Amino acid sequence: MTELNRRTLLTTAGLTAAAGLTAGIGLASSDAAATPKPAASLQGAGFYRFRFGSKTVTVLGDGDGFLPGQPVFAANVTQEAFAAAQKEEFQPTDRVHVPMNTLLIEEGDRKILIDAGAGRFVGDSFGRQPIGLANAGVDPTQIDTVIITHGHFDHFGGLIGADQKSRFPNARIIWDEREHAYWSSAQAQSDVNGSALPQAFKDVSISALNTVLPKVAQQNHLVRGETEIAPGVQLLPAPGHTPHSSVVLIESDGKQLLYASDTTLLPAQNAKHPEWVSLFEADAEGLVATRRRLLDRAASDQVLWFAYHASFPALGHIRAAGKAWEYVPTTWSWA
Ligand SMILES: [Zn+2]
């Protein structure tokens, strides 16, 4: 009910009549029932939980912000084409909205987290995953598995806390072994330094690699290629964004959810324009091939699509549209 409507009802019909009207149309009056509390400074609880077959899935928001669109997020697109495409999506024409989201999968005693968030590496707008996890009633010590989809700091930075210690001390940390070996190598650091990324990105990437990876190394559980992590939780190769990036397919009761990680950095734009690439890609052609393969599968099998950098709760479907696709965000439900 808008402020205007509420005031109108209160003054013209009186409080009792207003309450009666609300009840009469089947709506509980939250205004009347709830004790007013000071407004929270954040929009929500930071988590979004739902049943997915026999599993409980919880999206944990890690934060969001705006970053320059070009050349970082659309390196092979003209200024005009980028601005026009952004306008079509009701987005700013010079910047991109960059949210971050991670996923918790629970079944029985198992608690599997996919990606750890940015941690303390990019300021207070990110690294909020601990808030959502706490509000969802999960203690980090209960997490038995953390899957890291690739070696970018926004996905693994949150493996350590402000105290510089492992945030998930009882978890095995799963990586594709080739991805982990690459990001542990001098080659990765020289590739980052030699890339066209802005200096700030290079600095934070290298600092996170050097700070985080050694501190959690004893928890590593390295796998190679397609691997079943738990029943209905499968790691799948998705190379391109980084040399050996992974995605995670979650299946339960005939339904499929794809943790698509960064195969669509800008899901609405990358579905419509699958050829767009960012300055982050290790192998742009490889990424486009991976993206097309996954989008095609998601569209034909009605797979729920989770994109790490989509707007919270980062879930949608993929619809075929001519030679490309469209990203259709899901509806949001209280329960
Ligand atoms: Zn990312």
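What you are looking at is a predicted structure, and each value in this text was computed from that prediction instead of being measured. (Residues numbered from 1 in each chain as written. Predicted model: local features only at pLDDT ≥ 70, side-chain atom pairs only at ≥ 80, totals over all residues. Heavy atoms only, no water.)

**Student:** Looking at this structure, how should I read the nonpolar core?
**Tutor:** As a rule of thumb, soluble globular proteins bury nonpolar side chains together. Phe50, Leu103, Ile147, Ile250, Leu257 and Trp305 are the most contacted members of the largest nonpolar core, which has 46 residues in total. Setting aside anything within four residues of it in sequence, one finds Trp305 in contact with Leu258, Ala260, Thr263, Thr264, Leu294, Leu295, Ala298, Ala314, Leu315, Gly316, Ile318 and Tyr327. The next biggest cluster of nonpolar side chains, apart from the first, holds 29 residues, and it includes Leu104, Leu133, Trp183 and Leu213. (Core = buried A, V, L, I, M, F, W, Y, C linked by side-chain atoms within 4.5 Å. Buried < 20%, exposed > 50% of the residue type's maximum accessible area, 1.4 Å probe, protein only. Contact = heavy atoms within 4.5 Å.)

**Student:** Any chance you could explain the environment of Gln234 here in plain terms?
**Tutor:** On the secondary structure map, Gln234 appears in strand 9 (residues 233-237). A residue is classified by how much of its surface remains accessible, and Gln234, at 23% relative accessible area, is partly exposed. Taking the C-alpha atoms as reference, Gln234 lies 26 Å from Pro214; in sequence the two are 20 residues apart. Sequence-distant contacts of Gln234, that is, excluding residues within four places in its chain, are made with Glu226, Thr227, Glu228, Val247, Val248, Leu249 and Glu251. Of note is the side chain of Gln234, whose polar atom sits 3.1 Å from the side chain of Glu226. (Helix = DSSP H or I, 4+ residues; strand = E, 2+ residues; numbered from the N terminus. Polar contact = N/O pair within 3.5 Å; in protein donor to acceptor, adjacent residues only side chain to side chain.)

**Student:** Can you help me understand the sheet that holds strand 9 in this one?
**Tutor:** Each strand in a sheet pairs with its neighbour through backbone hydrogen bonds, running either in the same direction (parallel) or in the opposite one (antiparallel). Read across the open sheet, the seven strands follow the order 8-9-10-11-12-13-14; overall the sheet is mixed. Of all the strands in the sheet, the pair left with one neighbour each is strand 8 (227-230) and strand 14 (324-329). Adjacent strand axes in the sheet meet at a mean angle of 30 degrees, parallel and antiparallel pairs treated alike. As paired strands, strand 10 (residues 246-252) and strand 11 (residues 255-261) are joined by five bridges and run antiparallel to one another. Bridge pairing in strand 11 places Ile250 opposite Leu257. (Pairing = 2+ DSSP bridges. Axes fitted to C-alpha atoms, helices over the stretch in contact; angles between N-to-C directions.)

**Student:** Help me understand the side chain of Ser278 in this model?
**Tutor:** Following the sequence through the fold, Ser278 ends up in the loop between helix 10 (267-272) and helix 11 (284-301). For Ser278, a relative accessible area of 6% translates into the label buried. Only 3.0 Å separates the side chain of Ser278 from the backbone nitrogen of Phe280, close enough to count as a polar contact. Leave out the neighbours within four places in its chain, and Ser278 touches Val72, Phe73, Ala74, Ala75 and Leu265.

**Student:** Would you mind going over helix 9 (residues 199-216) with me for this structure?
**Tutor:** Note on helix geometry: an α-helix contains 3.6 residues per turn, so any two residues three or four positions apart are oriented the same way. The terminal C-alpha atoms of helix 9, which comprises 18 residues, lie 26 Å apart, in line with the 26 Å expected from a rise of 1.5 Å per residue. Among the residues of helix 9, Phe201, Lys202, Val204, Ser205, Ile206, Ala208, Leu209, Val212, Leu213 and Val216 are the ones counted as buried. Check the buried side of helix 9 and you find it contacts strand 2 (55-68), helix 6 (153-156), strand 6 (172-176), helix 7 (177-183), helix 8 (186-194) and strand 7 (220-223). (Expected span 1.5 Å × (residues − 1).)

**Student:** Where do I start with the side chain of Ser252 in this structure?
**Tutor:** For Ser252, the position within the fold is in strand 10. Classification of Ser252 as buried rests on a relative accessible area of 5%. Among the polar contacts made by the side chain of Ser252, one reaches the main-chain carbonyl oxygen of Phe52 at a distance of 3.5 Å. Contact partners of Ser252, with chain neighbours within four places excluded, come to Phe52, Gly53, Ser54 and Lys55.

**Student:** Please clarify how the packing of aromatic side chains should be interpreted in this entry.
**Tutor:** Aromatic ring pairs are reported here in terms of the distance separating the ring centres and the angle at which the planes meet. In this structure the tally under the stated criterion is nine aromatic pairs. Between Phe156 and Trp175 the ring centres are 6.2 Å apart and the planes differ by 45 degrees, which places this aromatic pair in the tilted class. Of this pair, Phe156 sits in helix 6 while Trp175 sits in strand 6, and the two are 19 residues apart along the sequence. Given a relative accessible area of 1%, Trp175 falls into the buried group. Considering the side-chain rings of Tyr182 and Trp183, the 4.9 Å spacing of their centres and the 80 degrees angle between planes classify their relative orientation as edge-to-face. Taken together, Tyr48, Phe50, Trp332 and Trp334 form an aromatic cluster joined through their ring pairs. The ring of Phe66 has Arg95 sitting right over it, with the charged end atom 4.8 Å from the ring centre. (Phe/Tyr/Trp six-rings, centres within 6.5 Å; stacked < 30°, edge-to-face > 60°. Lys NZ or Arg CZ within 6 Å of the ring centre and 35° of its normal.)

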